[in-house]
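# An overview of the molecular structure
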Amino acid sequence: MRFSRRGFLATSAALAATPLSAMSRLAVVATTGMIVDAVRQVGGDLVDVRGLMGSGVDPHAYRQTRTDIVAMTRADLVLWHGLYLEAQMEAFFHDLGKKRNVVAVAEELSRDLLLGHDDYDDKFDPHVWMNPEIWSLVVAEVRDALIAAQPESAEVFNANAARHLRDLVRLSDYSQNILSTVPETARVLLTAHDAFGYFGEAYGFEVLGIQGISTQSEAGLNRIGELVDMLVDRKIGAVFVESSVSDRSIRALIEGAAAKGHKVQVGGELFSDAMGQEGTYEGTYLGMIDHNVTVIASALGGHAPARGMNDKLSAGF
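Residues numbered from 1 in each chain as written. Predicted model: local features only at pLDDT ≥ 70, side-chain atom pairs only at ≥ 80, totals over all residues. Heavy atoms only, no water.

### Considering the packing of aromatic side chains
Here is the rule we go by: Two rings belonging to Phe, Tyr or Trp (six-membered ring only in the last case) form a pair when the distance between their centres is within 6.5 Å. Interplanar angles under 30 degrees mark stacking, angles over 60 mark edge-to-face geometry, and anything in between is tilted. Here, a charge over a ring is recorded when the distance from Lys NZ or Arg CZ to the ring centre is within 6 Å and its angle to the ring normal is within 35 degrees.
On inspection of all chains with the given rule, the structure shows seven aromatic pairs. Look at Phe196 and Phe199: their rings are 6.2 Å apart centre to centre, the planes differ by 90°, and that puts the pair in the edge-to-face class. Of the aromatic side chains, those joined through ring pairs into one cluster are Phe196, Phe199, Tyr203 and Phe205. Here Lys123 stacks its cationic end above the ring of Tyr84, 4.4 Å away from the centre of that ring.

The structure is reproduced here in structure tokens:
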């Protein structure tokens, strides 16, 4: 399965830039930080966006609060990811969609682009933001949802989307170039849960998770034992923790390998289901992926600039 890069570039080039104009602000509620960032990039000054799930929050387990419900019922537009990412909220969103303007921005992706789900035959891996080329299509869905909700702002939304899509082209090129410097034998990414499948497919990495695609999957002792043996046998020296998932299982792997005389270190903390802290570079989609790519390449023997693509990464990652 390969994504057409020509189509990706055409999507960006086709959106012509136009000057901003003063218009009313659209009230938007979005679930994940990645969607919030897309709304901010496309909506600019014409939107007020509230995110439900901040830094370090696991969307697989999140349930709506009373405050969330009030905000969503009052919003002009509610955006959620779909693809069973917000599993505990799915029934609520389907019900809300009968009364309010609710859009699942990843549901319209071509099934040819999607990976299967480990636990459900009829569902897909929802972590599509791990590939900037696929995420660009979600940004386009966000753009279209904003235009449908406020047609008079279409020129502004189109211009902002075009600018952001060009940034995603640059991010994709950076990721491909930096990750290609990792020795082929070292291209193994082991994390707490299997959130990096689209990353692995895009950049030629073997991806292993202790848990499955959902953080609600249990990591059994047999699974940890198998991974310890794999680390030892293949002499893999680095594993990665995630900002939104407990590092307990990763620590168990490191201790298990040490008991067999093999040293494994934490290669760094990656952003998987949530971005970095609000107000930081890592708290944007560009910064999130820039961080992940730079950390992975550096830890696995590749060559990456210390502060990433835009020279904005926090020091000492």
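### Remarks on the environment of Asp76
To keep things clear, this is the line we draw: Counting from the N terminus, the helices are DSSP H or I runs at least four residues long and the strands are E runs at least two residues long. When accessible area is computed with a 1.4 Å probe and restricted to protein chains, residues below 20% of their type maximum are described as buried, those above 50% as exposed, and intermediate ones as partly exposed. Whether two residues touch is decided by their heavy atoms; if any such pair falls within 4.5 Å, the residues are in contact. Any pair of N or O atoms that falls within 3.5 Å is considered a polar contact. Within protein, one atom must be able to donate a hydrogen and the other to accept it, and sequence-neighbouring residues count only if both atoms are side-chain atoms.
Position of Asp76 among the secondary structure elements: in the loop between helix H3 (66-74) and strand E3 (77-80). Note on Asp76: relative accessible area 37%, which makes it partly exposed. In this structure, the C-alpha to C-alpha distance between Asp76 and Arg100, residues 24 residues apart in sequence, is 7.9 Å. Filtering out sequence-adjacent residues up to four positions away, Asp76 remains in contact with Arg25, Leu26, Ala27 and Asn101. Here the side chain of Asp76 touches Ala27 through a polar contact of 2.8 Å, landing on its backbone nitrogen.

### Some words on the sheet that holds strand E1 (residues 26-30)
The cut-off we apply is this: Here, any two strands with at least 2 DSSP bridges between them count as paired. Helix axes are fitted only over the stretch in contact, all axes being lines through C-alpha atoms; the angle between N-to-C directions runs from 0 to 180 degrees.
If you trace the four strands from one edge of the open sheet to the other, you get E2-E1-E3-E4, paired in parallel fashion. Two strands in the sheet have a free side with no partner beyond their single neighbour: strand E2 (47-51) and strand E4 (102-104). Going from strand to strand, the sheet's axes swing by 20° on average, the running direction of each strand aside. Relative to E2, E1 runs parallel, the two being bridged by five bridges. By the bridge assignment for E2, Ala30 is matched with Gly51. Along the sheet, helix H2 (residues 33-43) makes contact with E1, E2 and E3, crossing E2 at roughly 175°.

### Quick look at the side chain of Glu242
As for its position among the elements, Glu242 is in strand E7 (residues 238-242). In this structure the side chain of Glu242 is engaged in a polar contact, spanning 3.5 Å, whose partner is the side chain of Thr191.

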